[in-house]
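# Close look at the chain arrangement
Each chain, letter by letter, is given below.
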Amino acid sequence: MQGSKGSASLNHLSTFKVWKCEPLLRAPYKDEASKLLKRIADQVEPILRARRWTVKIFKEMCPKNKSLLGLNVNRGSKIMIRLRNDSKSSNFKCYDELMDTMLHELCHIKVGPHSAKFYALWDELRNDYAVLVSKNITGKSDILLPAFSGNGNKLGGRNIRNS
């Protein structure tokens, strides 16, 4: 049985997301790291859908260079971010810092070098993220909620109001 045109377009949008999250393999607190990666991935999914971007692998990294916070490999094929300062640590960086690093790395899907165009895009993504937070959209389970927050019509023409 064939789906409706609307459901086909929603299924198409479901391809624009983070496909796989991977914490460090040999680090302690792997479950916590995995949950944090998943939370970040869910949080940026509305941004990915709106821009029709895909991240195949979102991975934790802990390079020796302490100033390296993230990497984007092959325009979103793999994005890696530093969740903690030391791979053996249970002290994760603050969520807002991790989100900003993720937004930074997402910019590299569209713009490679750190140019004026890159920083303008980063500001756009920060604004998009701020709008999501202001609407209490905190993850992919909340993505469609704003679409159902207004008035609707019931078949037969009766007006339905959300309360």
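Just above sits the structure.
Read on for an overview of the structure. What you see as residue numbers is a count from 1 along each chain, following the sequence as written. Totals for whole chains, interfaces and linings use all residues, but because this is a predicted model, local features are given only for residues with pLDDT of at least 70 and pairs of side-chain atoms are given and counted only at 80 or more. Side-chain calculation: all heavy atoms of the structure are included, whereas hydrogens and water are not.

Any Lys or Arg side-chain nitrogen located within 4 Å of an Asp or Glu carboxyl oxygen qualifies as a salt bridge. Taken as a whole and assessed by the stated rule, the structure comprises 10 salt bridges. Across the pair Glu97 and Lys93 runs a salt bridge, and its minimum N-O distance is 3.6 Å. Put simply, Lys20, Glu22 and Lys59 are held in one network by salt bridges that share partners.

A few words on the nonpolar core. What is meant by a nonpolar core is a set of buried Ala, Val, Leu, Ile, Met, Phe, Trp, Tyr and Cys residues, joined one to another through side-chain atoms within 4.5 Å. The cut-offs for exposure are 20% and 50% of the maximum accessible area for each residue type, with area from a 1.4 Å probe on protein chains only; residues under the lower value are buried, those over the upper are exposed, and the others partly exposed. Counting residues in hydrophobic clusters, the biggest one holds 31 residues, and the most contacted among them are Ile40, Phe58, Leu103 and Leu106. Secondary structure elements are taken from DSSP: a helix is a run of H or I of four residues or more, a strand is a run of E of two residues or more, and numbering for both begins at the N terminus. Counting only elements with at least two residues in this core, the list comes to α2 (30–51), β2 (55–61), β4 (78–82), α3 (95–107) and α4 (116–134). No other element matches α2, which puts 8 residues into this core.

Turning next to the side chain of Arg84. Position of Arg84 among the secondary structure elements: in the loop between β4 and α3. A distance of 2.8 Å separates the side chain of Arg84 from the backbone oxygen of Ser89, its partner in a polar contact. Apart from the residues lying within four places of it in its own chain, the contact partners of Arg84 are Leu24, Ala27, Pro28, Tyr29, Ala33, Glu60, Cys62, Ser89, Asn91, Phe92 and Lys93. The term polar contact refers here to a pair of N or O atoms within 3.5 Å; inside protein, the definition further demands a hydrogen-donor-capable atom paired with an acceptor-capable atom, and it admits residues adjacent in sequence only when both atoms are side-chain atoms. Contacts are residue-level and defined by heavy atoms, with any inter-residue pair within 4.5 Å sufficient.

Another point: the packing of aromatic side chains. Put simply, two rings from Phe, Tyr or Trp (the six-membered ring, in Trp's case) pair if the centres are within 6.5 Å, and we call them stacked under 30 degrees between planes, edge-to-face over 60, tilted for the rest. Per the counting criterion, the structure on display carries 3 aromatic pairs. Ring centres of Phe118 and Tyr119 lie 5.3 Å apart, and the angle between their planes is 90 degrees; this geometry places the pair in the edge-to-face category. Using a relative accessible area of 0% as the deciding quantity, one classes Phe118 as buried. Plain terms: the ring middles of Tyr119 and Trp122 are 6.1 Å apart, the flat faces sit at 35 degrees to each other, and that makes the pair tilted. Within this pair, Tyr119 and its partner Trp122 are both found in helix α4, separated by 3 residues, close to a single helical turn. In this structure Trp122 comes out as buried when scored by relative accessible area, which is 12%. Two conditions define a charge located above a ring, namely a distance within 6 Å from the ring centre to NZ of Lys or CZ of Arg, and an angle within 35 degrees of the ring normal. Taking the ring centre of Trp122 as reference, the NZ or CZ of Arg126 above it sits at 3.8 Å.

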